[in-house]
Amino acid sequence: VTVLLTGDLEREGEAVLVEARTDLRSNVLKLGHHGSRTSSSEGFLQAVRPELAVASAPARGRLAFPHATVLERLERRGIPWVWTGRDGAVLVGLPSLEVRVWRDDGERVRLVREAKP
C-alpha cells in the first residue's frame, strides 16, 4: 500500500516525475498544491491511478481550493476524494483504505475498499 504526498507539486513537477518513468502508482494521492487547477493533471492521474484522493485546503480560503477542474478530473476517472475544508480531519486507515472524517458534528466513516487478504 502506498501513499503519495505531493506537497505543492504542480503540473511542471508532475511532468518531470512522469517523464522519469518512475512507478508512481499509489493507493492514496494527496492532491498537489491544495488541489489547484495547475496540479493533478490528466497525465499525472493516469500515472498514479489512486484509489482515493485527499485535498488539504480550507473551506473558505481566499482561493477556491480544490479547484473545480481538478474535481472534474477525479470524477471522470471515478476516483473518490475527501476534502479537509468540507469533511474536517481525515484519517486514512491502511491497508483497507477505510476513511474516517471528523467534523464538529461527529465522526463519519467511509470504506473505499476492503482489505486484501
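See the structure shown above.
This section reports on the structure supplied with the text. Starting afresh in each chain, residues are numbered from 1 along the sequence in its written order. Residue-level local features of this predicted model are given only where pLDDT is at least 70; pairs of side-chain atoms are given and counted only at 80 or more, and the full residue set underlies all totals for whole chains, interfaces and linings. In computing side-chain properties, one takes all heavy atoms of the structure into account and sets aside hydrogens as well as water.

Considerations on the overall build of the chain
Note the threshold: We count a stretch as a helix when DSSP gives it H or I for four or more residues in a row; a strand needs E for two or more, and each element gets its number in order from the N terminus. Throughout, exposure labels follow a simple rule: accessible area from a 1.4 Å probe, protein chains only, divided by the maximum for the residue type, with under 20% read as buried, over 50% as exposed, and the rest as partly exposed. Note on definitions: a residue-residue contact is assigned when non-hydrogen atoms from the two residues lie within 4.5 Å. Under the convention used here, a 1.4 Å probe and the Shrake-Rupley method define accessible areas, while residue burial counts only the protein chains that appear.
From N to C terminus, the chain includes 4 helices and 7 strands. Walking the chain from its N terminus toward its C terminus, one meets helices and strands in the order β-α-β-α-β-α-β-α-β-β-β. Across the 117 residues of the chain, 37% fall into the buried class. Counted over contacts in the chain with a minimum sequence separation of 6, partners at least 24 positions apart contribute 59%. Counting only carbon and sulfur atoms, one obtains 53% of the accessible surface of the chain, whose full area is about 6,900 Å².

Details of the environment of Gln46
Among the secondary structure elements, Gln46 is positioned in helix H2 (residues 42-48). Here the alpha-carbon distance between Gln46 and Leu24, two residues 22 residues apart in the chain, equals 9.4 Å.

What to know about the nonpolar core
What counts here: We call a set of buried Ala, Val, Leu, Ile, Met, Phe, Trp, Tyr and Cys residues a nonpolar core when their side-chain atoms join them within 4.5 Å.
Judged by nonpolar contacts, the single largest core of 17 residues is most densely connected at Leu29, Leu31, Phe44, Val48, Ala53, Leu74 and Trp81. Elements with a contribution of two residues or more to this core: H2, strand E3 (52-55), helix H3 (68-76) and strand E4 (81-83). If we skip the residues at most four places from it in the chain, Ala53 touches Leu29, Leu31, Leu74, Ile79, Pro80, Trp81 and Val82. Judged by nonpolar contacts, the second largest core, of 7 residues, contains Val28, Val54, Val99 and Val101.

A word on the pairing of E3
In regular strands, side chains alternate between the two faces of the sheet. The following threshold applies: The criterion for strand pairing is that DSSP finds at least two bridges linking the strands in question. Every crossover in which the path from the first strand over the helix to the second runs clockwise, viewed with the strands pointing away from the viewer, is termed right-handed.
Neither face of E3 is left uncovered, since the one carrying Leu52 and Val54 and the one carrying Ala53 and Ala55 both have all their residues buried. Relative to E3, strand E2 (residues 28-30) runs parallel, the two being bridged by 3 bridges. Following the sheet pairing, Leu29 is matched in E3 by Ala53. As a crossover connection, the stretch from E2 through H2 into E3 is right-handed. Direction of pairing for E3 relative to E4: parallel, over a ladder of 3 bridges. Bridging from a neighbouring strand, Ala53 pairs with Trp81 of E4.

Examining the sheet that holds E4
Short version of the rule: Lines fitted to the C-alpha atoms define the axes, with helices restricted to the stretch that makes contact. Angles between their N-to-C directions range from 0 to 180 degrees.
Taken in spatial order, the 4 strands make up an open sheet running E1-E2-E3-E4, and their pairing is parallel. Both outer strands of the open sheet, strand E1 (3-5) and E4, are each paired with one neighbouring strand and no more. Neighbour-to-neighbour, the strand axes of the sheet open up by a mean angle of 15 degrees, direction not taken into account.

A short note on the pairing of strand E6 (residues 98-103)
In the sheet, strand E5 (residues 89-93) pairs with E6 via 5 bridges, with the strands oriented antiparallel. Looking at the pairing, Ala89 lines up with Trp102 of E6. Here E5 folds back onto E6, and the loop between the two strands holds 4 residues, one of which, Leu97, carries a positive phi near 60 degrees.

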